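Each chain, letter by letter, is given below.
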Amino acid sequence: MSEELQEALNLAGDAVTRDADGTVRLVGSECGDCGKKAYPPSDVCPECMSENLSPIKLSTQGKLYSWSVVHAAPKGWTLPFIAAYVDLPEDVRVFAHIVDADPDSLEIDMEVETRMATLGSDESGAPFESFAFTPVQKGGS
Amino acid sequence: MRDVAIVGAGMVPFGKYQEKTLADIAWPAVKQAVEDAGIKKTDIEATYCGTALGGMMAGQRILKKLGITGLPIINIENACSSSSTAFREGWISVAAGVYDAVLVIGVEKLTKFGGGTLPLEKEDWEVSHGLVMPALYAMRARRYMHEYGLTENDIADVSVKARKHGVWNEDAQFRKEVTREEVLASRPVADPLKLFHCCPSGDGAAAVVICSAEKAKQYSASPIKVIGSEINSGKYMTGYRDMTSPEITLRGAKQLYEEAGIGPEDVDLAEVHDAFAIAELLYYEALGFCAKGDAAKLLADGETSVGGKIPVNPSGGLLSKGHPIGSTGVAQIVEIVRQLRGQCGQRQVEGAKVGLTHCTGGGVSGFDHGVCSIHLFAR
C-alpha cells in the first residue's frame, strides 16, 4: 500500500465529526432524563443510569484547564507532545493534545479550539489521528 | 469489630531484580515477617496478597516456596493500592472474628516491562489518547502553581527531602542525596516534572502478620495497633473538577479521623503516596497537616523532614524508597511499624506514637484517583 492510500486511523471514531464548513466538532452524549452531558459519549448515563441518551454536538471552543509537555510515553506517540485538559462550556472536561502551539505561549484558562491532528503511528507505521485543540488566534482570523 | 494489631513485618530492599521471579523476590519478605512475629506457619489462617501486574495466583506462587499452603489465599488487584487494599481486607477478616491471624503481602516486578511509564489499561479513553501518569500529575502541578504561586524550586525540594531520608533507609532503591539544582537539571519527563520528580520503576515485596489484639501479646512484646482503616473509590466526574484538591484523599482522611477519634494534629509521622513530587504537597493539605496553599511553606520550614513537627515519608517515600506498585501499601505499613517500635536508626522519628499510611491508585479517566486507602496505627 502506498503512503498516499494509507488512511489515518481515527482514534475517536464517531465521537468526532466535521460540520459542513469543515469545523471539527466533538460528539458527546446527553441524557434525555436528567440532562447530564458526557464526553466521550456513553450508552448509559453515569448520573441516573438511564439508557435514554442522544448524541450532542459540543462546543468547538473551550478553556485550557492545565497542560504538560510530555517527553515520555509508550511507543507510537510523536514526542514530545502537549497533553491537556480542556473545559468545554457544557460542563464537560476533555483530555486532548494541544497542537500547532509554542508551549511557552500557553496560558491557564486561555481559549482553545478544535482541530484534527496526526498524533503518532501504530506498529506498522500507519498514522493515527484524533481531535486536538489549538489556541484561538487573538483578534480573529 | 475486634481490635487488631500487627505482630510481624518484613520487606526486601526495593530495586531491580530482573533475573528473579516474582515469587523469589517476595518470599524473603514473607519469611522475615513470619519470623519477626514468631508465629508458627500453621497458625496463619489466611493470606491476602496484593499485586497489580504480577499475574494470576501471585500469592500461591510465593507461598508454595515457604510451604504456607492449604489455607485461603486471596489475590487482590487495585492498581497502586493493591496491597493497601489487601491489608484492609485482612484487617476486616480479623476484626470481624473470621480469623485470628492472617498474612498480608504486597509484591510487584516492574522490570519485566523494560522500564518507561507504567502500562495503563488501553480500553480507557484518555489512555488511548496518550495519557500517562506523569502527565496527569504534571497537569495537577501546573494548575496548582497557577492558583497558589508554587514554584519549580518548591516541587524540587520534595525530591531533595525524599532522597535525604532515603540515604538512611537500607531498603530504599535510591540512597544518594540530590540537590535542588540536580533535580531541576534532570531530564524532562512531563513538564514541569523532571526525572527526579518521579518515583523510579522497580521490583519489591513487603509483608506483615496481623492478628487480634487479644492474641497479639503472645507473639510480640510491642504489637502495633490498627486504630483506623479506610478505603474509597474516587467519584467519577465527567465535568469540571478541581485538580489541586485530591477529593478522594480529603474525603477519606475526614472519614478516617472521625472513625479513629483523633485529628491530624495527633499524627506523629506519615507515609504518603508521593509517586510524583507534586503529590506529596497536595497530600499535606488533604491530610490536614497544613491549610490549603501552605504546603510549600510546611516543607520549607522543615516540618515534614525527620526532626520536624510531622515527618512525611521518613522511609524516603516512593520517590526514594521506590514504587513497585503492588508492594507499596504494605511497605508503607512496614515503615510505620518499625518507626513505632523505634527501630529506624538515623531516620527514627523520636517518640512516635501514632503513624499514618496513605496509598492511592489511578490511571482511569474521570477520577481524581480510582482508589485511596488510608490507615492509622498506634503503639
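Here is what the cut-offs are and how they apply
Residues numbered from 1 in each chain as written. Chains lettered and ligands numbered in written order. Predicted model: local features only at pLDDT ≥ 70, side-chain atom pairs only at ≥ 80, totals over all residues. Helix = DSSP H or I, 4+ residues; strand = E, 2+ residues; numbered from the N terminus. Contact = placed C-beta atoms within 7 Å. Nonpolar A, V, L, I, M, F, W, Y, C, P; charged D, E, K, R; others polar. Pairing = 2+ DSSP bridges. Axes fitted to C-alpha atoms, helices over the stretch in contact; angles between N-to-C directions.

Student: What is the right way to read unusual backbone geometry from this model?
Tutor: Residue and element names in this part refer to chain A. The omega angle of the peptide bond from Tyr-39 to Pro-40 is 0°, so this bond is cis rather than trans. Tracing the backbone through its elements, the reader meets Pro-40 in the loop between strand S4 (37-38) and strand S5 (53-57). Cis geometry is adopted by the peptide bond preceding Pro-80, which originates at Leu-79 and carries an omega value of -15°. Secondary-structure assignment places Pro-80 in the loop between strand S6 (61-70) and strand S7 (81-88). A positive phi angle is found at Asp-100, which is not glycine, with a value near 50°. Along the chain, Asp-100 turns up in the loop between strand S8 (92-98) and strand S9 (111-121).

Student: Help me understand the interface of chain A and chain B in this model?
Tutor: It is common to report an interface's size as the accessible area lost on association of the parts. If you look at the interface, chain A gives 29 residues, while chain B gives 26 residues. Elements with a contribution of two residues or more to the side of chain A that touches chain B: S6, S7 and S8 of chain A. Looking at the side of chain A that touches chain B element by element, the count peaks at six residues for S6 of chain A. Counted by class, the side of chain A that touches chain B contains 21 nonpolar, five polar and three charged residues.

Student: Would you mind showing me how to read the sheet that holds strand S11 (residues 371-378) of chain B here?
Tutor: Strands in a sheet are paired, the pairing made by backbone hydrogen bonds, and the direction either parallel or antiparallel. Residues and elements named next belong to chain B. Reading across from one edge, S3-S2-S4-S7-S1-S8-S11-S10-S9 is the order of the nine strands in this open sheet, with mixed pairing throughout. A strand with exactly one partner marks an edge of an open sheet, and here the two such strands are strand S3 (73-76) and strand S9 (269-271). Each strand axis lies, on average, 25° off the axis of its neighbour in the sheet, ignoring direction. Bridge analysis of strand S2 (residues 46-50) against strand S4 (residues 101-109) gives five bridges, and the strand direction is parallel. Bridge pairing in S4 places Ala-46 opposite Val-102.

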